[in-house]
Amino acid sequence: MIAEFTLADGNPVTINMDQIDYFQPCDDGTLVVFADGRKLELQESYDTVAEVLNPERQAGC
């Protein structure tokens, strides 16, 4: 699955969600770590990224 997000510097980025190893909240958004070790910091909140990864997830669950 491909998703579009915004980098911490304001530039858009397209991410292949299948390549993500894990993601976690960070100071100003979400840190995404890929299976190959690359990292990106996104402006979107952790909850927003989680919703894209698992659209069936309901807020607060």
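Above this text you will find the structure in question.
What you see is a predicted model, and the numbers here were worked out from it, not measured in a lab. (Residues numbered from 1 in each chain as written. Predicted model: local features only at pLDDT ≥ 70, side-chain atom pairs only at ≥ 80, totals over all residues. Heavy atoms only, no water.)

## Some remarks on the overall build of the protein
At step 1: Scanning the protein from N- to C-terminus turns up 1 helix and 5 strands.
At step 2: When the elements of the protein are put in sequence order from the N terminus, they spell out β-β-β-β-β-α.
At step 3: Residues counted as buried form 30% of the 61 residues belonging to the protein.
At step 4: Restricting to contacts in the protein with at least 6 residues of sequence separation, those with at least 24 account for 29%.
At step 5: Roughly 4,100 Å² of accessible area belongs to the protein as shown, and the carbon and sulfur atoms make up 45% of that amount. (Helix = DSSP H or I, 4+ residues; strand = E, 2+ residues; numbered from the N terminus. Buried < 20%, exposed > 50% of the residue type's maximum accessible area, 1.4 Å probe, protein only. Contact = heavy atoms within 4.5 Å. Areas by Shrake-Rupley, 256 points an atom, 1.4 Å probe, with all protein chains shown as cover.)

## With respect to the environment of Thr6
At step 1: By the element assignment, Thr6 lies in strand S1 (residues 2-6).
At step 2: Ignoring anything within four residues of it in the chain, the contact list for Thr6 reads Asn11, Pro12, Val13, Glu41, Leu42, Gln43 and Glu44.

## Examining the pattern of salt bridges
At step 1: Under the defined criterion, the tally for this structure stands at 1 salt bridge.
At step 2: Across the pair Arg38 and Asp36 runs a salt bridge, and its minimum N-O distance is 2.9 Å.
At step 3: When its relative accessible area of 43% is taken as the criterion, Arg38 is described as partly exposed.
At step 4: Its relative accessible area of 55% is what places Asp36 among the exposed residues. (Salt bridge = Lys/Arg side-chain N within 4 Å of Asp/Glu carboxyl O.)

## What about the sheet that holds strand S5 (residues 39-42)?
At step 1: Taken together, the 3 strands give an open sheet; going across it, the order is S3-S4-S5, and neighbouring strands pair in antiparallel fashion. The sheet is open, and its two borders are formed by strand S3 (20-26) and S5, each paired with just one other strand. Taking the axes of each pair of neighbouring strands and ignoring which way they run, one obtains an average angle of 20° across the sheet.
At step 2: Relative to strand S4 (residues 29-34), S3 runs antiparallel, the two being bridged by 6 bridges. Bridge pairing links Gln24 to Leu31 in S4.
At step 3: Across the sheet, helix H1 (residues 46-53) lies against S3, S4 and S5, angled at about 155° from S3, the strand it touches most. (Pairing = 2+ DSSP bridges. Axes fitted to C-alpha atoms, helices over the stretch in contact; angles between N-to-C directions.)

## Considerations on the nonpolar core
At step 1: Formed by 13 residues in total, the largest nonpolar core has its most connected members in Phe5, Ile15, Ile20 and Leu42.
At step 2: Where this core is concerned, the elements lending two or more residues are S1, strand S2 (12-16), S3, S4 and H1.
At step 3: In this structure, Leu42 is in contact with Phe5, Thr6, Leu7, Ala8, Val13, Ile15, Asp28, Gly29, Thr30, Val32 and Val49, ignoring residues within four places of it in sequence. (Core = buried A, V, L, I, M, F, W, Y, C linked by side-chain atoms within 4.5 Å.)

Purely geometric numbers; function is a separate question.
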